[in-house]
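One letter stands for each residue in the lines below.
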Amino acid sequence: MPPHLSSFYIITYTHTISWCRSVCSLAKPIFLSAFLILLPLNVYAISYSIKGVKQDAIKDNIRLHLNNLDVETALLDDPFWQDEVKSTISTAVEPFGYYNSDADITIDGNDKVIVTVTLNSPLIVANVTREIIGKGRDDPAFRQRFNGFSLKQGDVLHQPTYTSFKSSMFNYALSHGYFDFHWQATRLDLVRENKEANILLIAQSGPQYQFGPLIFVGEDKAKDIIQRLAPFSEGEPYSSAALTDFNRKLNQSGYFNRVIARPVVSEAEGLLVPIEVSLAHRPKDAFNVSVGAATDTGPRVRLGWERPWVNDKGHSVSADIFISAPEQSITADYRIPRRNITRDYVSIEAGYQFIDYTNTSIESETLSLSAHRYWQYDESPWQHDFSITYLQETYNEGDEIDTTTSLIMPGYAINYLEKDNDLLINFARYFKFSTQVGRDNAGSDINIVKSFAESMFIHTLNENHRFTVRAEIGAIKANDFSQVPTSIRFYAGGDQSIRGFEYRDISPKDEVTDPETGEASIESIGGKYLATASVEYAYRVAENWRVAAFTDAGTATNDTSTSLTYSVGSGFHWLSPIGPVRVYVARGFSPDETTWRLHLMLGPEL
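No experiment lies behind these values; they were computed from the predicted model shown.

1. Quick look at the overall build of the chain
Inference 1: Secondary structure summary: the chain contains eight helices and 27 strands in total.
Inference 2: Relative to its 606 residues, the chain shows a buried fraction of 41%.
Inference 3: Considering only contacts in the chain between residues 6 or more positions apart, those separated by 24 or more positions represent 54%.
Inference 4: Surface summary for the chain: the accessible area is close to 31500 Å², and the carbon and sulfur share equals 54%.

Following this line, the structure appears as structure tokens:
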């Protein structure tokens, strides 16, 4: 170090304190900054022990302020630095109404700083004066919110409450259309000698603005759809909650790649605020391919196509091809939106399906055409579905004789679904009930009534303990059950039913003959009744891994007195980036046999 700087350093270190006091207290902040820069001290965080304060909020604020002091423990012996600490503590407790506090500082032998704080008597709120000027005075909700200021006469002054109220009241006014809101006067008068505080709050609300017309930026072919989605009408009082709901519906509609609605206050005409809708439509055609595997079906491929815009009314069309070894199908769906695009629509569906499961020796070809009227009330998880279905199925049960059954069945279904995630589910509630009726004098070959209910409950405790409960029950009543199509009969067994058994392996059985070999065998033919239940527990052993244990029970039968089939097993879940992979080993117990089976499933339960 150069000699002239060295001498300055020594003089500064030995004479700074007394010189600073004698010259001018106004120069203290500037000189302290220079002092800390020039002084080559090893500064580190001091550990403070705060005593005399019970309220955690006050204690935390004291510690926060003290931690911002840049000082060594050794310097705290000096009265100047102790005054700085006391001043800092005084500043920290003032927002809580304590303007007459005292503090003592002690340094123990381990360089630990003990701060004993005496808060003394706080300032008490003596008067609260509030007033609304403008249209907000006549708005009950605005007035209730304004009168909700929590500090009352006789309360201990709490400045954070005063400050946060001013901010929250401003935000409330803007979110309810009072765009000209401002505080005409706010004041916090502190009378320390009397230990009192007086509060003044005068709000100028200005007028309440209203929703104006929708203005479109980009293509306007969605104009009709967007207007039907709007949860407000022109002239209604503005509400940011309604606008948020509008944006949610737009993004859930499935018609847009990007869409956002926002108020343009600067272009308001009178009190009408136009709502600008900026959007980009989805491509004319969308394609997707998914590949998966399960022990029930083996490898499988699904090809999808969707055209989200058929016309400017929002009609859409989609098609789906599913291919696996035992099952192939193609379906098409034409959707006509009604008032609420995402919850209220008509769907016309057509499909073809071919099924040949080797363990049932049943082949079937099914043609179907159905019309559905779906609707779901706002804020309700329940979805309703009235439908009418035409079904024609040709099937044989292992012999050369084909049976064809045609049915026209009106039906009703109600569906409830809540879940916390589409892919990795920790909490879910699911329930569905459906019923269909066919009459031989109304287009059906037989009289038939089919009812079915299923439910699932998933709950996770402490992020580690996951419980899954599943159940289903169904019944078919027909005047000639032999003509009931195999696709709508009941079967149990498989990945999503009673594990430990093959898919559709549990049901009434009959002797069927293979037309190619002439050999007879006992195979599943489907039953009138279904009842199954399952309980599973899974424990998270690592970030993306769970181990599981389960038991399943139930049957598909023509006789309600049939003994239940059940299974027990264990496995693991891998929470992969593309969805959960679940692997189980199960042992099945039936009245006739005991089996072992490996089950592999990719994807969420719901």
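2. Overview of the sheet that holds strand β1 (residues 48-51)
Inference 1: Read across the sheet, three strands follow the order β1-β3-β2 without closing on themselves; strand pairing throughout is mixed. Either end of the sheet is taken by a strand with one partner, and the two such strands are β1 and β2 (102-107). Averaged over all neighbouring strand pairs, the angle between strand axes comes to 20°, with direction disregarded.
Inference 2: The sheet contact formed by β2 and strand β3 (residues 113-118) spans six bridges and is antiparallel. By the bridge assignment, Ile107 is partnered in β3 with Val113.
Inference 3: Together, β1 and β3 form the strand contacts of helix α3 (residues 56-67), whose direction differs from that of β1 by roughly 145°.
Inference 4: Along the sheet face, helix α4 (residues 79-93) touches β2 and β3 and points at about 135° away from the line of β2.

3. Let's talk about the side chain of Ser329
Inference 1: Positionally, Ser329 belongs in strand β13 (residues 327-337).
Inference 2: Its relative accessible area of 16% is what places Ser329 among the buried residues.
Inference 3: Ignoring anything within four residues of it in the chain, the contact list for Ser329 reads Asp320, Ile321, Phe322, Tyr352 and Gln353.

4. What to know about the pattern of salt bridges
Inference 1: Under the counting rule described, the total for this entry stands at 16 salt bridges.
Inference 2: For Arg248, the salt bridge goes to Asp245, with nearest N and O atoms at 2.4 Å. A residue pair is termed a helical-turn pair when its members lie 3 or 4 positions apart in one helix, as Arg248 and Asp245 do in helix α8 (residues 240-252) at three residues.
Inference 3: You can call Arg248 partly exposed: its relative accessible area is 31%.
Inference 4: Beyond isolated ion pairs, a larger network of salt bridges with shared partners links Asp245, Arg248 and Lys249.

5. Focus: the confidence of the model for the chain
Inference 1: In this model, the chain carries an average pLDDT of 86, and 89% of its residues clear a pLDDT of 70 or more.
Inference 2: Counting contacts from residues 1-43, a segment whose pLDDT is below 50, to residues more than four positions away or on other chains yields 31 contacts.

6. Digging into helix α6 (residues 159-175)
Every α-helical turn comprises 3.6 residues, leaving residues that sit three or four positions apart pointing alike.
Inference 1: In this model α6 runs 25 Å from its N-terminal to its C-terminal C-alpha over 17 residues, within 8% of the 24 Å that 1.5 Å per residue would give.
Inference 2: Buried residues of α6: Thr161, Tyr162, Phe165, Met169, Tyr172, Ala173 and Ser175, and no others. Each buried residue of α6 sits inside an arc of 155° when the element is viewed along its axis, so together they form one side.
Inference 3: Residues of α6 that are buried in the fold lie against α5 (140-146), β5 (182-191), β6 (196-204) and α8.
Inference 4: Positive backbone phi, at 90°, marks Gly177, one or two positions downstream of α6.

7. Describing the sheet that holds strand β4 (residues 124-133)
Inference 1: One open sheet accounts for three strands, arranged β4-β6-β5; its pairing is mixed. Pairing within the sheet leaves two strands with one partner each, and these edge strands are β4 and β5. Sheet twist, expressed as the average angle between the axes of neighbouring strands with direction ignored, equals 5°.
Inference 2: The pairing of β5 with β6 spans nine bridges and is antiparallel. Opposite Ala185, over in β6, you have Ile202 as the bridge partner.

8. What about the pairing of β13?
Inference 1: Alignment of strand β12 (residues 316-324) against β13, held across eight bridges, turns out to be antiparallel. Opposite Val317, over in β13, you have Tyr334 as the bridge partner.

9. Thoughts on empty space enclosed by the protein
Inference 1: On inspection of all chains with the given rule, the structure shows four cavities of 30 Å³ or more.
Inference 2: Space inside the largest cavity adds up to approximately 110 Å³.
Inference 3: Lining the largest cavity we find Met456, Thr468, Arg470, Asp495, Gln496, Arg499, Ser534, Glu536, Arg582, Tyr584, Met601 and Glu605.
Inference 4: Of all the elements in the fold, those that place two or more residues in the lining of the largest cavity are β20 (465-478), β23 (529-542) and β26 (579-589).
Inference 5: Looking at the lining of the largest cavity residue by residue, the classes come out as three nonpolar, three polar and six charged.

10. Focus: the environment of Ala332
Inference 1: With respect to the helices and strands, the residue Ala332 is situated in strand β13.
Inference 2: Look at Ala332 and you get partly exposed, because its relative accessible area is 36%.
Inference 3: Sequence-wise, Ala332 and Ala319 are 13 residues apart; in three dimensions their C-alpha atoms are separated by 4.2 Å.

What counts and what doesn't
Residues numbered from 1 in each chain as written. Predicted model: local features only at pLDDT ≥ 70, side-chain atom pairs only at ≥ 80, totals over all residues. Heavy atoms only, no water. Helix = DSSP H or I, 4+ residues; strand = E, 2+ residues; numbered from the N terminus. Buried < 20%, exposed > 50% of the residue type's maximum accessible area, 1.4 Å probe, protein only. Contact = heavy atoms within 4.5 Å. Areas by Shrake-Rupley, 256 points an atom, 1.4 Å probe, with all protein chains shown as cover. Pairing = 2+ DSSP bridges. Axes fitted to C-alpha atoms, helices over the stretch in contact; angles between N-to-C directions. Salt bridge = Lys/Arg side-chain N within 4 Å of Asp/Glu carboxyl O. pLDDT = per-residue confidence, 0-100. Expected span 1.5 Å × (residues − 1). Arc of directions from axis to C-beta. 1 Å grid on protein atoms, 1.4 Å probe; cavity = no way out; pocket = protein on both sides within 12 Å on 5 of 7 lines; lining within 4 Å. Points joined across faces, edges and corners; volume = space filled by probe spheres on them. Nonpolar A, V, L, I, M, F, W, Y, C, P; charged D, E, K, R; others polar.

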